[in-house]
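One letter stands for each residue in the lines below.
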Amino acid sequence: YRYELSDVKSVESVNISLDLIQRLNKVLFANNINMAVIMVPLKMRIYSEHLPDSIKLDDYMAGSYDRMIKVLKGAGVNTVDLNTPFMKASRQSDDGPIYFRLDSHWSPTGAMLAANVVKAEIGANPVLKKALDATIEEGFNVNYGKRKRSIGRDLINLLPPGSPIFSPEQVAQVSISRVRPLNFDLLGNRPPSGLALLGSSYSKDWTGFADGLRYELQRDVFSMGVGADQGSWVGLESYLRDDVFQKNFPKLLFWEIPERDMRAPPSYEFRDPRYRIADTEWLLRVSAWVQSTCKPSIASVKMAKSGLAAKTSDLKASNLSAGPTTDSDYLELSFDKPLERLDYLSATAVTAGSKTLVFEASGSDVKTKRFTVNVAGDEFAHALRVPLPSNGAGYTKVKILPGITNKFELHNLEVCRQPEGLLQ
């Protein structure tokens, strides 16, 4: 997979990614969430002997994984080293290759090995072990099937027309099952497991990695995998703003990231523009979603008596309930002091029918900017956290454009403050 190729010119971008992960880790820990970073090694390194003569690993690619692990661990980030056991297993495994031959993803053998390494890392790390011990233990069984089936062919899809035809790759499957049925309360709910896996396509259900973690840890794991088009940074923010996270912070968060993605931070120029974001803005956004309480800012907010709030009698009200809205409707907010970079808006919102909210921020001596925030768009109230960083003196006004909705509500609106050391 040619996207795995990199050289020393990638160091600057990789360092940005490493720095963002370190800062996020501090924010999570301050909010009683332990994170373990699981980097998926380059298939090119693990099976470098199968590369064509025209492509060889240079010293940078050969040592990049170890360098990144060293930097993260040196900064106090819990990190799972998969490269070392994968390099060993690729030479010794009797259970088949740990990556598919015709696909860039790990095979069931590789997924189960990765889960086993995660378990070993937790056992050797007192912080992670304490977090795991505080979660609910359940029973899971494993079954190694003898029947093989075809799975994984993304590399074949990249070949040019007229390439040789490759027979489907036959791989034995691994299945994980619960020892006992799920337990639900009278309302149909069940206690959260306290464990979450956010990852790339390597963590999607079909790879078996999430199931592997369930078996190795004997605990349920909430899992969410996102495709390469969105990438790890957008994927993590999507998870943090989801009710699954907002209503029950996990005790232990596994963040699986392909090693090749470390050279593509949030601002990566070749990313789909829909998913590209300034690196600092990404950090401010995810940090806001992680805050368990609102530390009040010195700035306060009020609703202007115009637009959707024209009929509001109390201009300092922090709540708004509106019926159906159109593309021309808006809610205008004003601040008694310019917003600083560490400030963010916090509220709960109902946006029935609209999947995005647009925040149009303006102020004196600062360029007007639009911030687009993805929302659930259903009939229920969800958490809303919106940093509005500027490159100038700070915004003093914001127009919220809900778009076309069946109902738009905003409750408990306030300005909160991020941790002071976040950007230092």
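Residues numbered from 1 in each chain as written. Predicted model: local features only at pLDDT ≥ 70, side-chain atom pairs only at ≥ 80, totals over all residues. Heavy atoms only, no water.

Asker: An account of the sheet that holds strand S12 (residues 356–363) is requested, with residue identities and associated values reported.
Answerer: By way of backbone hydrogen bonds, the strands of a sheet pair with one another, either parallel or antiparallel. Spatially, the five strands line up as an open sheet ordered S8-S10-S15-S12-S13, and their pairing is antiparallel. Two strands lie at the open edges of the sheet, namely strand S8 (301–303) and strand S13 (366–374), each paired on one side alone. Shown here is a sheet whose adjacent strand axes are inclined to one another by a mean of 20°, direction ignored. One ladder, built from three bridges, connects S8 with strand S10 (residues 331–335); its direction is antiparallel. Note on S10: the bridge partner recorded for Met 303 is Leu 333. (Pairing = 2+ DSSP bridges. Helix = DSSP H or I, 4+ residues; strand = E, 2+ residues; numbered from the N terminus. Axes fitted to C-alpha atoms, helices over the stretch in contact; angles between N-to-C directions.)

Asker: I'd love a proper account of the packing of aromatic side chains, names of residues and values included.
Answerer: Following the criterion strictly, the structure yields 14 aromatic pairs and no others. An angle of 15° between the planes, with centres 6.2 Å apart, marks the rings of Phe 100 and Trp 206 as stacked. Taken as a pair, Phe 100 in the loop between helix H4 (83–92) and helix H5 (108–124) and Trp 206 in the loop between strand S5 (195–199) and helix H7 (209–217) lie far apart in primary sequence, 106 residues in all. We classify Phe 100 as buried; its relative accessible area is 2%. The partly exposed category is assigned to Trp 206, whose relative accessible area is 35%. For the ring pair Trp 106 and Tyr 202, a centre distance of 5.4 Å and an interplane angle of 85° mean the geometry is edge-to-face. Residue Trp 106 is located in the loop between H4 and H5, and its partner Tyr 202 is located in the loop between S5 and H7; the two are separated by 96 residues in the primary sequence. The exposure classification of Trp 106 matches that of Tyr 202, with both residues buried. In textbook terms, an aromatic cluster arises when at least three aromatic residues are bridged by ring pairs, as seen for Phe 86, Tyr 99, Trp 106, Tyr 202 and Phe 209. (Phe/Tyr/Trp six-rings, centres within 6.5 Å; stacked < 30°, edge-to-face > 60°. Buried < 20%, exposed > 50% of the residue type's maximum accessible area, 1.4 Å probe, protein only.)

Asker: Tell me about the pattern of salt bridges, and please be specific about residues and values.
Answerer: According to the stated counting rule, one finds 23 salt bridges in the structure shown. Ionic pairing is found between Lys 9 and Asp 7, a salt bridge with its closest N-O pair at 4.0 Å. Between Glu 49 and Arg 91 there is a salt bridge; the shortest N-O distance is 3.3 Å. Here Arg 91 lies in helix H4 and Glu 49 lies in the loop between helix H2 (43–46) and helix H3 (59–74), a separation of 42 residues in the sequence. By relative accessible area, Glu 49 is classed as partly exposed at 44%. Three or more residues are tied together by salt bridges with common partners; here these are Glu 138, Arg 178, Asp 211, Arg 214 and Asp 220. (Salt bridge = Lys/Arg side-chain N within 4 Å of Asp/Glu carboxyl O.)

Asker: Just give me the short version of the sheet that holds strand S1 (residues 34–40), but keep the residues and values in it.
Answerer: Read from one edge of the open sheet, five strands run S2-S1-S7-S5-S6, paired in parallel fashion. The sheet terminates laterally at strand S2 (78–80) and strand S6 (222–225), the two strands that pair on one side only. This sheet shows a mean twist of 20° between the axes of neighbouring strands, independent of strand direction. As judged from the seven bridges shared by S1 and strand S7 (residues 252–258), these two strands associate in the parallel manner. Within the sheet, the bridge partner assigned to Met 39 lies in S7 and is Ile 257.

Asker: Break down the state of the cysteines for me, citing the residues and quoting the values.
Answerer: Within the structure shown, the criterion is met by one disulfide. Each sulfur in the disulfide pair Cys 294 and Cys 416 lies 2.0 Å from the other. Between Cys 294 and Cys 416, the S-S dihedral sits near -105°, and the bridge is therefore left-handed. Here the residue Cys 294 occupies a position in the loop between helix H10 (279–290) and S8, and Cys 416 occupies one in strand S16 (residues 407–417), the gap between them amounting to 122 residues. (Disulfide = S-S within 2.5 Å.)

Asker: Requested: an account of helix H6 (residues 126–133), with residues and values cited.
Answerer: Of the residues making up H6, those classed as buried are Leu 128, Ala 131 and Leu 132. Along the axis of H6, the buried positions cluster into a sector of 100°, meaning they face one direction only. Residues Pro 126 and Lys 130 are exposed on H6 and point more than 90 degrees away from its buried face. Elements in contact with the buried residues of H6: S1, S2, H5, S5, H7 and S7. Where H6 begins, one side-chain oxygen reaches toward the backbone nitrogen of Val 127, 3.0 Å away; that side chain belongs to Asn 125. (Arc of directions from axis to C-beta. Contact = heavy atoms within 4.5 Å. Polar contact = N/O pair within 3.5 Å; in protein donor to acceptor, adjacent residues only side chain to side chain.)

Asker: Before we move on, could you go through the pairing of S12 and cite the residues and values that matter?
Answerer: Along a regular strand, successive side chains alternate from one face of the sheet to the other. When S12 meets S13, the two strands line up antiparallel, connected through seven bridges. Bridge assignment links Leu 357 to a residue of S13, and that residue is Val 373. Hairpin geometry of S12 and S13 is characterised by an intervening segment of two residues between the two adjacent antiparallel strands and by a positive phi of about 60° at Asp 365. Sheet topology note: the S12/strand S15 (residues 397–401) ladder contains five bridges and is antiparallel. The residue of S15 that forms the bridge with Val 358 is Leu 401.

Asker: Lay out the packing of H4 against H5 with the relevant residues and their values.
Answerer: Here H4 crosses H5 at 140°, and the two axes come no closer than 10 Å. By the angle between their directions, the pair H4 and H5 is classed as oblique. Remark: the crossing between H4 and H5 carries right-handed chirality. Between H4, through Pro 85, Phe 86 and Ala 89, and H5, the contact on the second element is made entirely by Gly 110, Leu 113, Ala 114 and Val 117. (Parallel < 35°, antiparallel > 145°, perpendicular 65-115°, else oblique. Left-handed = near helix turned anticlockwise from the far one by under 90°.)

None of the figures reported here should be taken as evidence of function without further support.
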